[in-house]
Amino acid sequence: MCELLGMSANVPTDICFSFTGLIQRGGGTGPHKDGWGITLYEGYGYRTFKDSQACFHSPIARFIQDYPIKSRTVISHIRQANTGSVSLENTHPFTRALFGRYWTYAHNGQLKDYEQLDTGAITPIGNTDSEYAFCWILSQLSQRYHSIPKCWSSVFYFIEELSTQLTKSGIFNMLLSDGEYLMAFCATKLFWITRRAPFGKAILLDQDIEVDFQQQTNSDDVVTVIATERLTTNETWNKMMPGECLLFRFGESTRASSKQKVLIS
(Lines give C-alpha, C1' and ligand atoms only; values in the text may rest on other atoms or scores of the structure.)
Protein backbone atom coordinates (compact mmCIF):
# COMPACT_ATOMS: atom_id res chain seq x y z
CA MET A 1 0.00 0.00 0.00
CA CYS A 2 1.10 3.57 -0.69
CA GLU A 3 1.42 6.33 1.90
CA LEU A 4 0.00 9.85 1.87
CA LEU A 5 1.20 13.11 3.39
CA GLY A 6 -0.62 16.41 3.37
CA MET A 7 -0.26 19.81 5.01
CA SER A 8 -2.55 22.80 5.44
CA ALA A 9 -1.26 25.96 7.15
CA ASN A 10 -2.36 29.54 7.71
CA VAL A 11 1.07 30.89 6.75
CA PRO A 12 3.62 29.61 4.21
CA THR A 13 5.36 26.74 5.99
CA ASP A 14 8.03 24.26 4.96
CA ILE A 15 7.28 20.55 5.16
CA CYS A 16 10.91 19.43 5.47
CA PHE A 17 10.49 17.77 8.88
CA SER A 18 7.45 15.65 7.93
CA PHE A 19 8.85 14.93 4.48
CA THR A 20 12.08 13.69 6.05
CA GLY A 21 10.05 11.13 7.98
CA LEU A 22 8.14 10.08 4.87
CA ILE A 23 11.33 9.65 2.83
CA GLN A 24 12.56 6.93 5.19
CA ARG A 25 9.51 4.82 4.34
CA GLY A 26 10.15 5.12 0.61
CA GLY A 27 12.70 2.30 0.37
CA GLY A 28 14.35 2.74 3.77
CA THR A 29 12.15 1.73 6.72
CA GLY A 30 9.24 0.93 4.39
CA PRO A 31 8.60 -0.88 1.09
CA HIS A 32 7.23 2.07 -0.88
CA LYS A 33 9.97 2.12 -3.51
CA ASP A 34 7.97 2.54 -6.75
CA GLY A 35 8.08 6.31 -7.03
CA TRP A 36 7.21 9.42 -5.08
CA GLY A 37 5.97 12.94 -5.66
CA ILE A 38 5.14 16.18 -3.91
CA THR A 39 3.05 19.19 -4.93
CA LEU A 40 3.43 22.51 -3.13
CA TYR A 41 1.01 25.36 -3.80
CA GLU A 42 1.99 29.01 -4.02
CA GLY A 43 -1.32 30.81 -4.05
CA TYR A 44 -3.23 29.04 -6.81
CA GLY A 45 -0.03 28.15 -8.64
CA TYR A 46 1.96 25.06 -7.78
CA ARG A 47 5.30 23.28 -8.00
CA THR A 48 5.45 19.51 -8.47
CA PHE A 49 8.49 17.27 -8.06
CA LYS A 50 8.28 13.57 -8.99
CA ASP A 51 10.56 10.60 -9.44
CA SER A 52 9.76 7.01 -10.39
CA GLN A 53 12.58 5.68 -8.22
CA ALA A 54 12.43 5.22 -4.45
CA CYS A 55 12.54 8.55 -2.61
CA PHE A 56 15.00 7.12 -0.08
CA HIS A 57 17.56 6.99 -2.91
CA SER A 58 16.31 9.96 -4.94
CA PRO A 59 18.53 13.05 -5.34
CA ILE A 60 15.37 15.07 -6.06
CA ALA A 61 13.89 14.00 -2.72
CA ARG A 62 17.07 15.07 -0.93
CA PHE A 63 16.80 18.44 -2.66
CA ILE A 64 13.24 18.91 -1.33
CA GLN A 65 14.34 17.73 2.11
CA ASP A 66 17.13 20.30 2.26
CA TYR A 67 15.45 23.17 0.42
CA PRO A 68 12.67 24.69 2.54
CA ILE A 69 10.06 25.63 -0.06
CA LYS A 70 7.27 27.25 1.93
CA SER A 71 3.64 26.60 1.13
CA ARG A 72 0.22 26.73 2.75
CA THR A 73 -0.98 23.54 1.08
CA VAL A 74 1.05 20.42 0.27
CA ILE A 75 0.23 16.91 -0.96
CA SER A 76 2.86 14.16 -1.13
CA HIS A 77 2.79 10.44 -1.92
CA ILE A 78 5.13 7.46 -1.86
CA ARG A 79 4.12 4.54 -4.05
CA GLN A 80 4.03 0.79 -3.69
CA ALA A 81 2.66 -0.20 -7.10
CA ASN A 82 -0.27 -2.58 -7.39
CA THR A 83 -1.81 -1.45 -10.70
CA GLY A 84 0.03 0.30 -13.50
CA SER A 85 3.70 0.23 -14.39
CA VAL A 86 6.44 1.90 -12.35
CA SER A 87 6.77 5.04 -14.44
CA LEU A 88 6.64 8.81 -14.13
CA GLU A 89 3.15 9.10 -15.61
CA ASN A 90 1.84 6.74 -12.93
CA THR A 91 3.50 8.64 -10.09
CA HIS A 92 1.32 10.65 -7.71
CA PRO A 93 0.27 13.35 -7.04
CA PHE A 94 -1.82 14.04 -10.15
CA THR A 95 -2.83 17.60 -11.05
CA ARG A 96 -5.51 18.85 -13.46
CA ALA A 97 -7.15 22.24 -14.06
CA LEU A 98 -10.89 22.74 -13.43
CA PHE A 99 -12.99 25.81 -12.59
CA GLY A 100 -9.94 28.06 -12.91
CA ARG A 101 -8.03 26.15 -10.24
CA TYR A 102 -5.38 23.45 -10.20
CA TRP A 103 -6.64 20.33 -8.43
CA THR A 104 -4.07 17.97 -6.92
CA TYR A 105 -4.86 14.46 -5.77
CA ALA A 106 -3.15 11.40 -4.30
CA HIS A 107 -4.67 8.02 -3.47
CA ASN A 108 -3.83 5.09 -1.23
CA GLY A 109 -5.58 1.77 -1.84
CA GLN A 110 -6.75 -0.40 -4.70
CA LEU A 111 -9.95 -0.27 -6.76
CA LYS A 112 -11.61 -2.99 -8.83
CA ASP A 113 -13.13 -2.41 -12.29
CA TYR A 114 -11.68 1.10 -12.38
CA GLU A 115 -11.40 1.10 -16.17
CA GLN A 116 -15.20 1.12 -16.33
CA LEU A 117 -15.33 4.56 -14.70
CA ASP A 118 -16.66 7.13 -17.18
CA THR A 119 -14.05 9.90 -17.16
CA GLY A 120 -15.63 11.80 -20.07
CA ALA A 121 -13.29 14.30 -21.68
CA ILE A 122 -10.83 14.07 -18.78
CA THR A 123 -8.69 11.24 -20.08
CA PRO A 124 -6.16 9.49 -17.83
CA ILE A 125 -2.55 9.75 -18.99
CA GLY A 126 -1.26 6.70 -17.13
CA ASN A 127 -2.93 3.38 -16.37
CA THR A 128 -3.49 3.35 -12.61
CA ASP A 129 -6.76 2.90 -10.76
CA SER A 130 -5.82 6.04 -8.82
CA GLU A 131 -5.69 8.36 -11.83
CA TYR A 132 -8.86 6.87 -13.29
CA ALA A 133 -10.68 7.65 -10.04
CA PHE A 134 -9.33 11.22 -10.04
CA CYS A 135 -10.43 11.82 -13.63
CA TRP A 136 -13.84 10.36 -12.81
CA ILE A 137 -14.26 12.73 -9.85
CA LEU A 138 -13.34 15.75 -11.98
CA SER A 139 -15.65 14.57 -14.76
CA GLN A 140 -18.52 14.26 -12.29
CA LEU A 141 -17.77 17.77 -11.00
CA SER A 142 -17.78 19.23 -14.51
CA GLN A 143 -21.12 17.58 -15.22
CA ARG A 144 -22.69 18.84 -12.00
CA TYR A 145 -21.31 22.39 -12.19
CA HIS A 146 -21.43 23.96 -15.64
CA SER A 147 -19.70 27.13 -14.43
CA ILE A 148 -17.45 28.10 -11.54
CA PRO A 149 -19.24 27.04 -8.32
CA LYS A 150 -20.38 29.76 -5.95
CA CYS A 151 -20.41 27.54 -2.86
CA TRP A 152 -17.17 25.62 -2.45
CA SER A 153 -18.35 23.74 0.64
CA SER A 154 -21.07 22.10 -1.47
CA VAL A 155 -18.38 21.05 -3.98
CA PHE A 156 -16.46 19.19 -1.31
CA TYR A 157 -19.61 17.58 0.08
CA PHE A 158 -20.24 16.26 -3.42
CA ILE A 159 -16.67 14.95 -3.63
CA GLU A 160 -17.26 13.19 -0.31
CA GLU A 161 -20.32 11.48 -1.84
CA LEU A 162 -18.23 10.41 -4.83
CA SER A 163 -15.47 9.10 -2.56
CA THR A 164 -18.00 7.04 -0.64
CA GLN A 165 -19.17 5.53 -3.93
CA LEU A 166 -15.60 4.56 -4.79
CA THR A 167 -15.20 2.64 -1.54
CA LYS A 168 -17.73 0.15 -2.92
CA SER A 169 -15.04 -0.84 -5.45
CA GLY A 170 -12.18 -1.19 -2.98
CA ILE A 171 -9.95 0.86 -0.68
CA PHE A 172 -10.02 4.62 -1.23
CA ASN A 173 -7.94 6.77 1.11
CA MET A 174 -7.46 10.12 -0.58
CA LEU A 175 -6.04 13.64 -0.31
CA LEU A 176 -7.36 16.35 -2.64
CA SER A 177 -6.72 20.09 -2.86
CA ASP A 178 -7.57 23.07 -5.02
CA GLY A 179 -4.77 25.09 -3.44
CA GLU A 180 -6.99 26.66 -0.78
CA TYR A 181 -8.77 23.69 0.75
CA LEU A 182 -7.27 20.33 1.66
CA MET A 183 -9.66 17.38 1.81
CA ALA A 184 -8.90 14.03 3.44
CA PHE A 185 -11.15 11.02 2.91
CA CYS A 186 -10.50 7.88 4.96
CA ALA A 187 -11.53 4.39 3.93
CA THR A 188 -9.18 2.44 6.19
CA LYS A 189 -6.41 4.54 7.73
CA LEU A 190 -5.39 8.20 8.01
CA PHE A 191 -4.01 10.22 10.93
CA TRP A 192 -3.89 13.98 11.45
CA ILE A 193 -2.52 16.51 13.90
CA THR A 194 -2.98 20.27 14.24
CA ARG A 195 -0.07 22.16 15.77
CA ARG A 196 -0.64 25.59 17.31
CA ALA A 197 0.71 27.66 20.20
CA PRO A 198 2.14 26.71 22.59
CA PHE A 199 4.38 24.80 20.20
CA GLY A 200 6.67 22.09 21.49
CA LYS A 201 9.24 19.58 20.32
CA ALA A 202 8.55 16.67 17.98
CA ILE A 203 10.59 13.51 17.38
CA LEU A 204 10.36 11.57 14.13
CA LEU A 205 9.23 7.97 14.32
CA ASP A 206 11.41 6.75 11.42
CA GLN A 207 14.60 8.67 12.10
CA ASP A 208 16.32 10.03 15.19
CA ILE A 209 15.54 13.68 14.46
CA GLU A 210 13.98 16.19 16.82
CA VAL A 211 12.67 19.66 16.00
CA ASP A 212 11.57 22.44 18.33
CA PHE A 213 8.65 24.08 16.55
CA GLN A 214 8.67 26.95 19.04
CA GLN A 215 11.93 28.14 17.47
CA GLN A 216 10.42 28.09 13.96
CA THR A 217 6.91 29.46 14.45
CA ASN A 218 4.94 32.48 15.60
CA SER A 219 2.22 32.42 18.24
CA ASP A 220 -0.62 32.65 15.71
CA ASP A 221 0.64 29.92 13.33
CA VAL A 222 -1.62 26.92 12.70
CA VAL A 223 -0.32 23.87 10.83
CA THR A 224 -2.23 20.64 10.19
CA VAL A 225 -0.44 17.51 8.93
CA ILE A 226 -2.24 14.43 7.57
CA ALA A 227 -0.47 11.10 7.04
CA THR A 228 -1.21 7.43 6.46
CA GLU A 229 0.84 6.58 9.54
CA ARG A 230 1.88 8.75 12.48
CA LEU A 231 5.15 10.54 11.80
CA THR A 232 6.22 11.41 15.36
CA THR A 233 6.60 9.49 18.61
CA ASN A 234 5.84 12.11 21.24
CA GLU A 235 2.69 13.81 19.92
CA THR A 236 -1.00 12.92 20.05
CA TRP A 237 -2.41 12.17 16.61
CA ASN A 238 -6.08 11.93 15.66
CA LYS A 239 -7.04 8.69 13.93
CA MET A 240 -9.72 9.05 11.28
CA MET A 241 -12.45 6.43 11.13
CA PRO A 242 -13.54 4.56 7.98
CA GLY A 243 -15.90 6.76 5.99
CA GLU A 244 -14.76 9.94 7.71
CA CYS A 245 -14.05 13.04 5.64
CA LEU A 246 -12.25 16.17 6.85
CA LEU A 247 -11.76 19.50 5.14
CA PHE A 248 -9.06 21.98 6.14
CA ARG A 249 -8.51 25.58 5.08
CA PHE A 250 -5.37 27.40 6.15
CA GLY A 251 -4.70 24.85 8.89
CA GLU A 252 -8.14 24.89 10.47
CA SER A 253 -10.80 22.22 10.12
CA THR A 254 -13.84 23.71 8.39
CA ARG A 255 -16.10 20.75 9.08
CA ALA A 256 -16.02 17.11 10.13
CA SER A 257 -18.22 14.18 9.26
CA SER A 258 -20.14 12.38 11.99
CA LYS A 259 -17.55 9.63 12.43
CA GLN A 260 -15.77 9.80 15.81
CA LYS A 261 -12.02 10.42 15.82
CA VAL A 262 -9.69 8.39 18.01
CA LEU A 263 -6.66 10.00 19.66
CA ILE A 264 -3.37 8.11 19.32
CA SER A 265 -0.34 9.17 21.34
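Data block above holds the structure.
Residues numbered from 1 in each chain as written. Predicted model: local features only at pLDDT ≥ 70, side-chain atom pairs only at ≥ 80, totals over all residues. Heavy atoms only, no water.

Moving on, we get to the pattern of salt bridges. Counted under the stated rule, the structure contains eight salt bridges. R47 is the partner of E42 in a salt bridge, and the nearest nitrogen-oxygen pair spans 2.3 Å. Given the relative accessible area of 39%, E42 is considered partly exposed. We classify R47 as partly exposed; its relative accessible area is 41%. Residue R196 is joined to E252 by a salt bridge in which the shortest nitrogen-to-oxygen separation is 3.0 Å. Here R196, found in strand β9 (residues 191-196), pairs with E252, found in strand β15 (residues 252-256); they are 56 residues apart in sequence, far enough to count as distant. Beyond isolated ion pairs, a larger network of salt bridges with shared partners links R101, D178, E180 and R249. (Salt bridge = Lys/Arg side-chain N within 4 Å of Asp/Glu carboxyl O. Buried < 20%, exposed > 50% of the residue type's maximum accessible area, 1.4 Å probe, protein only. Helix = DSSP H or I, 4+ residues; strand = E, 2+ residues; numbered from the N terminus.)

Volume-wise, the largest pocket comes out at about 360 Å³. Forming the boundary of the largest pocket are 20 residues, of which T13, D14, F213, Q216 and T217 lie nearest the centre. Contributing elements (two or more residues each) for the lining of the largest pocket: β1 (3-14), α1 (16-25) and β12 (222-227). The leading source of residues in the lining of the largest pocket is β1, at five residues. When its residues are assigned to classes, the lining of the largest pocket shows 11 nonpolar, five polar and four charged. Within this model, the second largest pocket holds a volume of roughly 150 Å³. Around the second largest pocket, the lining residues are Y46, T48, K50, L88, E89, P93, F94, T95, R96, I125 and E131. Among the elements of the structure, β3 (45-51) and β5 (94-98) are those that each provide at least two residues to the lining of the second largest pocket. Of the residues contributing to the lining of the second largest pocket, the split by class is five nonpolar, two polar and four charged. (1 Å grid on protein atoms, 1.4 Å probe; cavity = no way out; pocket = protein on both sides within 12 Å on 5 of 7 lines; lining within 4 Å. Points joined across faces, edges and corners; volume = space filled by probe spheres on them. Nonpolar A, V, L, I, M, F, W, Y, C, P; charged D, E, K, R; others polar.)

Moving on, we come to helix α4 (residues 152-166). Along its 15 residues, α4 runs 21 Å from first to last C-alpha, staying within 8% of the 21 Å computed at 1.5 Å per residue. What α4 keeps buried is the set W152, V155, F156, F158, I159, E160, L162, S163 and L166. (Expected span 1.5 Å × (residues − 1).)

Turning next to the packing of aromatic side chains. Scanning the model with the defined rule gives 13 aromatic pairs in all. Ring geometry for F172 against F185: centres 6.3 Å apart, planes inclined by 50 degrees, an arrangement best described as tilted. Highlighted residues: F172 in the loop between α4 and β7 (173-177) and F185 in strand β8 (residues 181-185), separated in sequence by 13 residues. Accessibility classification places F172 together with F185 in one group, the buried group. Put simply, the rings of F99, W103, Y145, W152, F156 and Y181 pair up and form one aromatic cluster. Above the face of the F250 ring, R72 is positioned so that its terminal group lies 4.7 Å from the ring centre. The ring of W152 has R101 lying over it, and the distance from NZ or CZ to the ring centre is 3.8 Å. (Phe/Tyr/Trp six-rings, centres within 6.5 Å; stacked < 30°, edge-to-face > 60°. Lys NZ or Arg CZ within 6 Å of the ring centre and 35° of its normal.)

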